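A look at the structure
Residue strings, one per chain:
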Amino acid sequence: ARHGWSQVTTPRPQLPYDCNAGFSKWKEGWSEHKKAWCCHRVGRACDGPQRGYDCHADWANWQDGWTTAKKAWCCHNHNRGCEVGTTSSVAPFDCNA
């Protein structure tokens, strides 16, 4: 036995949503905010066309005219339509070009 030694663990930050819980019925059971968060953060519950959305269509009115799912998908995939406080995993510049 070791004396005077204890393992210290740092708790992980609590995520606002569990994107695995209830996934089998996400279309009916999840809030729009949870759908958007999970789509943007982990690529789950993205309710859009198979190839995605046209992130240039209706760009002048994206804040009021786009659905929450479209905003999340376009932000995640094209860095467009990102709400304040969200970020995209897509870099705005191609440094290798």
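Keep in mind the model is a prediction, meaning the values are calculated, not measured. (Residues numbered from 1 in each chain as written. Predicted model: local features only at pLDDT ≥ 70, side-chain atom pairs only at ≥ 80, totals over all residues. Heavy atoms only, no water.)

A closer look at helix H2 (residues 32–42)
Among the residues making up H2, those that are buried are Lys-34, Lys-35, Ala-36, Trp-37, Cys-38, Cys-39 and His-40. Against helix H1 (26–29) and helix H4 (68–78) lie the buried residues of H2. Gly-43 sits one or two residues past H2 and shows a positive phi near 70 degrees. (Buried < 20%, exposed > 50% of the residue type's maximum accessible area, 1.4 Å probe, protein only. Helix = DSSP H or I, 4+ residues; strand = E, 2+ residues; numbered from the N terminus. Contact = heavy atoms within 4.5 Å.)

Here's the deal with the state of the cysteines
For the coordinates displayed, the defined rule picks out three disulfides. One disulfide bridge connects Cys-19 with Cys-38, the sulfur atoms lying 2.0 Å from each other. On the S-S bond that ties Cys-19 to Cys-38, the torsion sits near -90 degrees, and the link is left-handed. You can see Cys-19 sitting in the segment before H1 and its partner Cys-38 sitting in helix H2, a full 19 residues away along the chain. Both residues of the pair, Cys-19 and Cys-38, belong to the buried class. Note on cysteine connectivity: Cys-55 is disulfide-linked to Cys-74, with sulfurs 2.0 Å apart. (Disulfide = S-S within 2.5 Å.)

As for the side chain of Lys-35
The topology assignment puts Lys-35 in helix H2. Overall, the relative accessible area of 13% leaves Lys-35 in the buried class. In contact with Lys-35, not counting residues within four places along its chain, are Trp-26, Lys-27, Trp-30, Arg-44 and Ala-45.

Topic: the environment of Arg-44
Within the secondary structure, Arg-44 is located in the loop between H2 and helix H3 (62–65). With 24 residues separating them in the primary sequence, Arg-44 and Asn-20 have C-alpha atoms 8.7 Å apart. Look past the residues within four positions of Arg-44 in its chain and what remains in contact with it is Cys-19, Asn-20, Phe-23, Lys-35, Cys-38 and Cys-39.

Observations regarding the side chain of Arg-80
Counting through the fold element by element, Arg-80 comes out in the segment after H4. The side chain of Arg-80 is buried and forms no salt bridge, while Asp-54, the nearest opposite charge, is found at 6.9 Å. Those residues in contact with Arg-80, other than ones at most four positions away along the chain, are Cys-55, His-56, Trp-59, Trp-66, Lys-71, Cys-74 and Cys-75. (Lys, Arg positive; Asp, Glu negative; His and termini not counted. Salt bridge = Lys/Arg side-chain N within 4 Å of Asp/Glu carboxyl O.)

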